[in-house]
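Each chain is listed here by its residues.
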Amino acid sequence: MLPRSPGIESETQRVTQYNYRRDQLIKFFADRQTDDYYHRIGEVEIACRMYRGHDLSAFERELRQLLSDPHGDMFWMLPMTLIHFVGKDHLTAELKELMRTGWSSYTPYRGDTENHWLMYYASMYLMSQEFPAGDAHEWFNGRSSSENHREAEEYLNHWFRTVIASGLNEFDSPHYLPFYLAPLSLLYGFSTDQRMVHNARSLLDLLIADFAADTLNGVYVGAHSRIYPEPLLERWRNGSTSFSWLLFGNTDFQPDNINIVLDRIGYRPHGAAVYLALSGYSPDRILHAIATDRSAEFTHRERKRTRTRIRRHLPRRKDVYKTVFMHPWYALGSIDGDLVQPVQQHSWELHWVSTTEDRGHNILFCLHPYWSEDEMATFFPEEPELLADRVLNEKKPTYTSEDKWTGGSPYQRIAQHEDALIVLFDIPAGTTHPHIDAYFSRNLEHVTEDPSGWIVARGGNVFVGYYPLCPYEWIAEQGGDRRLRSSELRNGAVVQVASIDEVESLEAFLNLLRLRVPEFDVSEHIQVRYETLRGRDVQFAYGMDLIVDGDTIARADHPVYDGPFINADEEGRITLSGGGETRELSFDFGEARPEEG
C-alpha cells in the first residue's frame, strides 16, 4: 500500500507531490512480481520496466509470451499500444516486428460497450498513425492504414461531441472510469495531431473534474451506471481510487484483486492509472480543488444518458438526471430511477465517512432485485433466451439472484432534495423477485425502530433516518450486515440525513423526525409528502416530477452540469471552478459540420 499525501501549502508543493506519486506508481508496477494479485506479469508492468530503463532481460520472456498468445480484444489492443510507444527505444528490431505482425494476425472484437469502443478506436488511431503506409494485408480488418485512421478519427470526434453534450452512458462508474481515462491518456500523450492532443486533454480534464466532484476523501460516491457487487460495499477497492491517489493524493493506493473480473492479462483497473502517469498529463490546481475542497456542503447536478436500447423500447436513449448532495461528513446521491444500464446499475445511496479502520460497508441504499430476458434483449443483440446465461458466464453471477445488491429496475422512481430522498416502487404482479431490499451496514450503530415508523441509526458522524412505507422483515447477512426486505408491490421509503454539526445526538435527531412522519398513499397512485429537517415541503408521486415548496422541479430542465465546480451553459460551454480560479474548456473539431446522431 502507498499512503495518501500530506496536506499542501503551496502550488509548488502540490506539483512536487503529484510528480512523486507518479514516480512511485510507475516504480510500483515496474517492481511488481507475480503473486496472488497478478498471476502473470502483463503489459502494464512491462511498460513501466521499459520506462524506468530496466534491462531487456527483465521482461523479454514475458513479452514474448504475450505476443505468442494474443487475446483480450480491446484489452489487448490498448496495452500493446502503450508498450509500442513506451518501448520504441528499448525493444529489438525482432520484438518490434513481432508486435507489428500481431495487428494483422490477431482479430480483436470491437466490443459492445462505450468503453470498449473508445479503447478500440484510440488504439487503431494511434497504431495507424505509427504505420501510415500500411496496406490492407497488414491489418486484421483488411483495411489500409489511412482507412483505419480516418474511421478511428471520425468515431473519436463523434464520441467527444456526444460526451460534451450529454455525458457518458457508462457514467460515474468506479470500476469503468479507468477504461476511459487510459485511452484518452494515450491520445493525449502520443498523438502527433495537436488538435487531437488538445481535445483529448480537454476531455481528460472534464471527466476527471466530473469524477472529482463526486468523490469524498478520494472515494467515488453517489449513483453509478455500473459497479460490481463487492466493490459496491467496499468502495475503496475500485480502480478509480487509484486515480484519486495519483491525481490528488487524498486516499491510499491499495490495488486489489477483487477488481480482476475478467481473465485478460491486459485487464488492469488499478494499473490503468499507469497510462495517465506515462502520458505526461498533470492536473491543475482547479482540478485539485474540485477533488479536495469539502469545506462546505454543496449540490452537484448532472445530466447523463442511458445505454443505447437496441430493441423493444423507444426512444433508443433517454436522459438520466443525477444529483449529489455533498457534505464534509457524507454524500447523498441518486439518479431518477428506471432502468438505465443492464446488470450493474446502482441508483442511489447514502455514503458516510467512516470513523473506523474498516473503510468499507459505510453506505445505505435499497433496490428491487429485478432481472428479465426483456432487460437483456433491450441492451444486448443476442437471442434473448441465451442472454441470461451469457451474463452469468461473464463474471456477473449475481444477476439472477433475489439477494443481489446491484441492478436497476424499470419500476423504481427516485426524487432527492438536498439531504432528503424519496424512493418509490410500483412492481407489477408476476415480476421477477417481487420485493425490495434495503442494505443496513454492519457499521451502523444504535439502529432503533421507533413506533413512529422511523428507523434511525448513526454511521460515523452522520445520523440517518429510514422510513419504510410498508411492512418489512429483517434478514441477517454475512459479516453483520442486515437486509430489510419488504414484499409489498407498491412500496418505497423516505430517507433523511443529518450530521453531528447539525443535530447534537441520535435522540435529538429521532425527536425531530417524530414531528415529521411522512404522509403517503400506496393504494393506487403512490405518493409521499414530507417536511425535511431544513423545513422544505417535498411532494413526490410515482412517475411525476418532484414538488418543493409548491414549485415543480422539472427533470427536463436538468442541466448537463450545475454546481460550484462544473457548469455548462445553454450554448454548451463548460467551465471549471475551484481554488478561486475559473477556466473554460475548449475543443477544436475543425470546420463546423452538422451534429452527428
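From a predicted model like this one, the values you see are computed outputs, not experimental measurements.

**Q** Which residues make up the overall build of the protein, and what values do they have?
**A** Summing up its helical and strand segments, the protein has 16 helices and 25 strands in all. If one aligns the C-alpha atoms of the protein with their principal axes, the spans along those axes are about 75 × 55 × 50 Å. Out of the 597 residues in the protein, the part that is buried amounts to 59%. Surface summary for the protein: the accessible area is close to 22800 Å², and the carbon and sulfur share equals 47%. If you average the places of the 60 positive and of the 90 negative side-chain charges in the protein, the two averages end up 3 Å apart.

**Q** Talk me through helix 7 (residues 145-166); I want residue IDs and the actual numbers.
**A** In a regular helix each residue adds 1.5 Å, so 22 residues correspond to 32 Å; helix 7 covers 31 Å between its end C-alpha atoms and thus fits that length. A positive backbone phi angle near 75 degrees is found at G167, which sits one or two residues after helix 7.

**Q** Tell me about unusual backbone geometry, residues and numbers included.
**A** Positive phi values are uncommon outside glycine, yet D73 reaches one of about 60 degrees. Non-glycine residue D549 carries a positive phi angle of around 50 degrees. Relative to the helices and strands, D549 is located in the loop between strand 20 (546-548) and strand 21 (551-553). The exposure class of D549 is partly exposed, given its relative accessible area of 38%.

**Q** Which residues make up the pattern of salt bridges, and what values do they have?
**A** Per the counting criterion, the structure on display carries 45 salt bridges. The partner of R285 in a salt bridge is E11, with the nearest N and O atoms 4.0 Å apart. Of this pair, R285 sits in helix 13 (residues 285-292) while E11 sits in helix 1 (residues 11-30), and the two are 274 residues apart along the sequence. A salt bridge links R529 to D537; the nearest nitrogen and oxygen atoms lie 2.9 Å apart. The class of R529 is partly exposed, set by a relative accessible area of 39%. Connected through salt bridges with shared partners, the residues D172, D210, D214, E302, K304 and K322 form a single ionic network.

**Q** Tell me what's going on with the packing of aromatic side chains, and back it up with residues and numbers.
**A** Under the criterion given, the structure shown has 36 aromatic pairs. Measuring from ring centre to ring centre gives 5.4 Å for F365 and W405, while their planes differ by 80 degrees; the resulting arrangement is edge-to-face. In this pair, F365 is assigned in strand 7 (residues 363-367) and W405 in the loop between helix 15 (384-393) and strand 8 (412-417), connecting sequence segments 40 residues apart. Given a relative accessible area of 1%, F365 falls into the buried group.

**Q** Quick one: what's the story with the sheet that holds strand 13 (residues 462-468), residue by residue and with numbers?
**A** Judged by pairing direction, the sheet is antiparallel, and its six strands sit side by side in the order 8-9-16-13-12-11 without closing on themselves. For this open sheet the edge positions go to strand 8 and strand 11 (445-449), each flanked by a neighbour on one side alone. Here the average twist between neighbouring strands, direction ignored, is 15 degrees. Across six bridges, the pairing between strand 8 and strand 9 (residues 420-426) is antiparallel. Residue pairing across strands places H417 opposite A420, the latter belonging to strand 9.

**Q** Could you give an account of the pairing of strand 9, with specific residues and numbers?
**A** In summary, the side chains of a regular strand alternate between the two faces of the sheet. Taking burial as the measure, the seven residues of strand 9 include six buried ones, the bulk of the element. Of the strand pairs in this sheet, strand 9 and strand 16 (residues 490-499) are connected by seven bridges, and their pairing is antiparallel. The residue of strand 16 that forms the bridge with L421 is V495.

**Q** Mind laying out helix 11 (residues 240-248), listing which residues take part and the relevant values?
**A** Among the nine residues that make up helix 11, nine are buried, leaving the element largely enclosed by the rest of the structure. Taken residue by residue, helix 11 has S240, T241, S242, F243, S244, W245, L246, L247 and F248 as its buried positions. Immediately downstream of helix 11, the backbone of G249 shows phi near 70 degrees, a positive value.

**Q** Provide a residue-level description of the side chain of H300, including the pertinent values.
**A** One can find H300 in strand 3 (residues 298-305). Separated by 3.1 Å, the side chains of H300 and E302 make a polar contact. The contacts of H300, once residues within four sequence positions are left out, are D210, A213, D214, K322, T323, V324, Y561, D562, G563 and I566.

**Q** Tell me about the sheet that holds strand 20, and please be specific about residues and values.
**A** One open sheet holds the five strands; their spatial order is 17-18-19-20-21, and the pairing between them is antiparallel. The strands lining the two open edges of the sheet, one partner per strand, are strand 17 (519-521) and strand 21. Ignoring which end each strand starts from, the neighbouring axes of this sheet average 15 degrees apart. In the sheet, strand 17 pairs with strand 18 (residues 527-531) via three bridges, with the strands oriented antiparallel.

**Q** Describe the confidence of the model for the protein, listing the residues and the values that go with them.
**A** Mean pLDDT over the protein works out to 92, with 94% of the residues at or above the 70 mark. Contacts of residues 592-597 to residues separated by more than four positions or lying in other chains number five contacts, the stretch itself having pLDDT below 50.

**Q** Break down the nonpolar core for me, with residues and values.
**A** If you look at the biggest cluster of nonpolar residues, it comprises 116 residues, and the most contacted ones within it are L25, L91, W103, W159, L184 and L187. The element contributing the most residues to this core is helix 9 (residues 194-213), with twelve residues. Counting residues in each nonpolar core, the second largest holds 34 residues, with L332, L421, A438 and I455 among its members.

**Q** Give a description of the side chain of S499 that names residues and reports values.
**A** Along the chain, S499 turns up in strand 16. The exposure class assigned to S499 is buried, which follows from its relative accessible area of 0%. Apart from the residues within four sequence positions on either side, S499 is in contact with H327, W329, Y330, N461, V462 and F463.

**Q** Account for the pairing of strand 12 (residues 455-459), with residues named and values stated.
**A** For strand 12, the buried fraction is high: four of the five residues fall into the buried class. Pairing analysis gives three bridges linking strand 11 to strand 12, with the strands arranged antiparallel. Within strand 12, the residue paired with T448 across the bridge is V456. Connecting strand 11 to the antiparallel partner strand 12 that follows it, the hairpin turn spans five residues, and G453 within it adopts a positive phi of roughly 110 degrees. Both strand 12 and strand 13 contribute to a ladder of five bridges, which runs antiparallel.

Basis of the calculations
In every chain, residue numbers begin from 1 and rise along the written sequence. Per-residue local features are limited, in this predicted model, to residues with pLDDT of at least 70; the limit for side-chain atom pairs, both in listing and counting, is 80 or more; totals at the level of whole chains, interfaces and linings are taken over all residues. Heavy atoms from the whole structure form the basis of all side-chain values; hydrogens and water molecules are not counted. Per the convention used, a helix needs a DSSP run of H or I reaching at least four residues, while a strand needs a run of E reaching at least two, with both numbered from the N terminus. Residue burial is assigned from relative accessible area. The probe radius is 1.4 Å, only protein chains are included, and a residue is buried under 20% of its type maximum, exposed over 50%, and partly exposed in between. Every accessible area reported is derived by Shrake-Rupley at a probe size of 1.4 Å, with residue values counting cover from the shown protein chains alone. Only four residue types enter the tally: Lys and Arg on the positive side, Asp and Glu on the negative side, with His and both chain ends excluded. For this purpose, a charge sits on NZ of Lys, CZ of Arg, CG of Asp or CD of Glu. Under the convention used throughout, the expected extent of a helix is 1.5 Å for every residue step, that is, one less than its residue count. For this document, the term salt bridge refers to a Lys or Arg side-chain nitrogen within 4 Å of an Asp or Glu carboxyl oxygen. For Phe, Tyr and Trp, where Trp contributes only its six-membered ring, two rings pair if their centres lie within 6.5 Å, and the inter-plane angle classes them as stacked under 30 degrees, edge-to-face over 60, or tilted in between. Here a strand pair is declared whenever DSSP counts at least two bridges between the two strands. Every angle, taken between N-to-C directions, lies between 0 and 180 degrees, and every axis is a line fitted to C-alpha atoms, over only the stretch in contact when it is a helix. Two N or O atoms form a polar contact when they lie within 3.5 Å of each other; inside protein one atom must be a possible hydrogen donor and the other a possible acceptor, and for residues adjacent in sequence the pair counts only when both atoms belong to side chains. Any two residues having at least one pair of non-hydrogen atoms within 4.5 Å are treated as being in contact. The score called pLDDT rates the predictor's confidence residue by residue, from a low of 0 to a high of 100. Throughout, nonpolar core names a set of buried Ala, Val, Leu, Ile, Met, Phe, Trp, Tyr and Cys residues whose side chains join them through atoms within 4.5 Å.

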